[in-house]
Amino acid sequence: MKKILFIATVGVALLVSCNGNKSNSNEANSEIDSLQNLVNEKDFAINEMMGALNEIQSGFKEINEAEGRVNMLSQSAEGNSNVENIRETMTFIQETMESQRQKIAELEKKFNASNLNSAKLKEAINGLKLQLEEKSQAIETLTAQLAEKEVQITTLNEHVEALTAENTVVKQQHEETKQVAQKQDAELNTAWYVFGTSKELKEQNILQKGEVLQGNYNKEYFTKIDIRTTRVIPLNSKSAKILTTHPADSYKLMKDSKGEYTLCISENESFWSISKYLVILVK
């Protein structure tokens with residue numbers, strides 16, 4: 001462009017020198033101004049397009065960096081935070097790709113309207129269009145991979161949830177089994193005892209004609225005990241006779257300093273092996 005301006009200026013100068021005509025000099029100056037304006041316009045257009053080229057290249061750089069982050073995050077995408085970060089980054093990539101597409105289209109439109117005969121600038125624009133197409137295909141591939149990965153993550157999460165639910169059921173069953181076992185154990189180690197005078201025992205339908213009844217007696221009158229921990233039963237009486245059947249070598253009736261009896265069980269399992277009910281007659 002500067003070469004053209006130089007030639008035009010020299011031509012005008014020669015014209016003025018040869019003719020020495022003032023009007024011709026003014027015309028030449030006007031033509032120089034027109035040529036200068038043309039050069040300025042084309043310089044502005046080129047600078048504007050170069051700025052757009054740099055901006056588009058910067059956009060591709062951001063896309064590449066975001067693509068790298070997605071690939072890194074997808075290696076451990078099982079975490080909910082990573083999955084959310086991947087989605088946000090992919091949204092950024094897609095929005096930036098659309099912006100790139102619009103900027104390249106605008107740049108090509110400006111170039112075609114500028115009448116600039118620049119093979120290199122045209123080649124650069126075509127390179128951007130090719131780069132956009134290749135990047136679009138790469139993003140499509142990445143999106144497909146992430147979609148498959150997300151299915152795998154969903155399947156993994158469902159598997160984990162199923163295992164958690166199964167584990168909860170197992171724990172619940174174990175707890176129920178434990179409670180049943182504890183209840184059965186408590187029942188196996190539970191016994192009832194009562195002591196009272198002949199009149200008291202008869203009133204409760206526990207004793208009749210000197211014998212302990214096997215049913216229809218008042219069970220609430222008995223005291224409930226754990227045979228594993230209860231080995232001593234104070235009778236608070238100077239007379240005591242065990243009416244129910246218990247092995248003689250499994251217990252003793254001991255007197256204290258007041259002459260009152262206390263039942264001392266020496267062999268728990270043996271003592272309660274025949275009956276879990278203990279009836280003692282006192283006076």
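In the block above lies the structure referred to throughout.
Residues numbered from 1 in each chain as written. Predicted model: local features only at pLDDT ≥ 70, side-chain atom pairs only at ≥ 80, totals over all residues. Heavy atoms only, no water.

Concerning the sheet that holds strand S4 (residues 223–226)
So, step 1. The sheet built from four strands is open, its strands ordered S4-S1-S9-S6 with mixed pairing. Of all strands in the sheet, those bounded by a partner on one side alone are S4 and strand S6 (240–242). Going across the sheet, the axis of each strand differs from the next one's by a mean of 30 degrees, ignoring polarity.
So, step 2. Strand direction decides the pairing type here: S6 and strand S9 (residues 277–282), joined by three bridges, are antiparallel. Note that in S9 the partner of Ile242 across the bridge is Ile280. (Pairing = 2+ DSSP bridges. Helix = DSSP H or I, 4+ residues; strand = E, 2+ residues; numbered from the N terminus. Axes fitted to C-alpha atoms, helices over the stretch in contact; angles between N-to-C directions.)

Structural notes on the pattern of salt bridges
So, step 1. One pass over the full model with this rule turns up seven salt bridges.
So, step 2. Here Arg228 makes a salt bridge to Asp226, at a shortest N to O gap of 3.0 Å.
So, step 3. Look at the salt bridges and you will find they share partners, linking Asp185, Asp226 and Arg228 into a network. (Salt bridge = Lys/Arg side-chain N within 4 Å of Asp/Glu carboxyl O.)

Some points on the sheet that holds strand S7 (residues 251–255)
So, step 1. Strand order in the open sheet made by the three strands is S5-S8-S7, with antiparallel pairing throughout. Sheet topology places strand S5 (232–234) and S7 at the edges, where each strand pairs with a single neighbour. Strand-to-strand, the axes of this sheet are offset by a mean angle of 20 degrees, without reference to chain direction.
So, step 2. Sheet topology places S5 next to strand S8 (residues 261–265); three bridges connect them, and they run antiparallel.

Section: the packing of aromatic side chains
So, step 1. The tally for this structure, following the rule as stated, stands at five aromatic pairs.
So, step 2. Note on Trp192 and Tyr277: the rings are 5.1 Å apart at their centroids and 15 degrees apart in plane angle, and the pair reads as stacked. Separated by 85 residues along the polypeptide, Trp192 in strand S1 (residues 190–196) and Tyr277 in strand S9 bring together distant segments of the chain.
So, step 3. A residue is classified by how much of its surface remains accessible, and Trp192, at 25% relative accessible area, is partly exposed.
So, step 4. Considering the side-chain rings of Phe222 and Tyr277, the 5.4 Å spacing of their centres and the 90 degrees angle between planes classify their relative orientation as edge-to-face. Of this pair, Phe222 sits in the loop between strand S3 (211–212) and S4 while Tyr277 sits in strand S9, and the two are 55 residues apart along the sequence.
So, step 5. Residue Phe222 is classed as buried on the basis of its relative accessible area, which comes to 8%. (Phe/Tyr/Trp six-rings, centres within 6.5 Å; stacked < 30°, edge-to-face > 60°. Buried < 20%, exposed > 50% of the residue type's maximum accessible area, 1.4 Å probe, protein only.)

As for unusual backbone geometry
So, step 1. For Asn205, which is not glycine, the phi torsion reads 60 degrees and is therefore positive.
So, step 2. Residue position: Asn205 is located in the loop between helix H5 (198–203) and strand S2 (207–208).
So, step 3. Assessed through its relative accessible area of 41%, Asn205 is described here as partly exposed.
So, step 4. We note that Asn236 has phi near 55 degrees; this positive angle belongs to a residue other than glycine.
So, step 5. Here Asn236 shows up in the loop between S5 and S6.

Topic: the side chain of Thr230
So, step 1. Looking at where Thr230 falls in the secondary structure, it is placed in the loop between S4 and S5.
So, step 2. The exposure class of Thr230 is buried, given its relative accessible area of 17%.
So, step 3. When residues no more than four places from it in sequence are discounted, the contact partners of Thr230 are Ile225, Ile265 and Asn268. (Contact = heavy atoms within 4.5 Å.)

Note that all results are geometric; they support no functional claim without further evidence.
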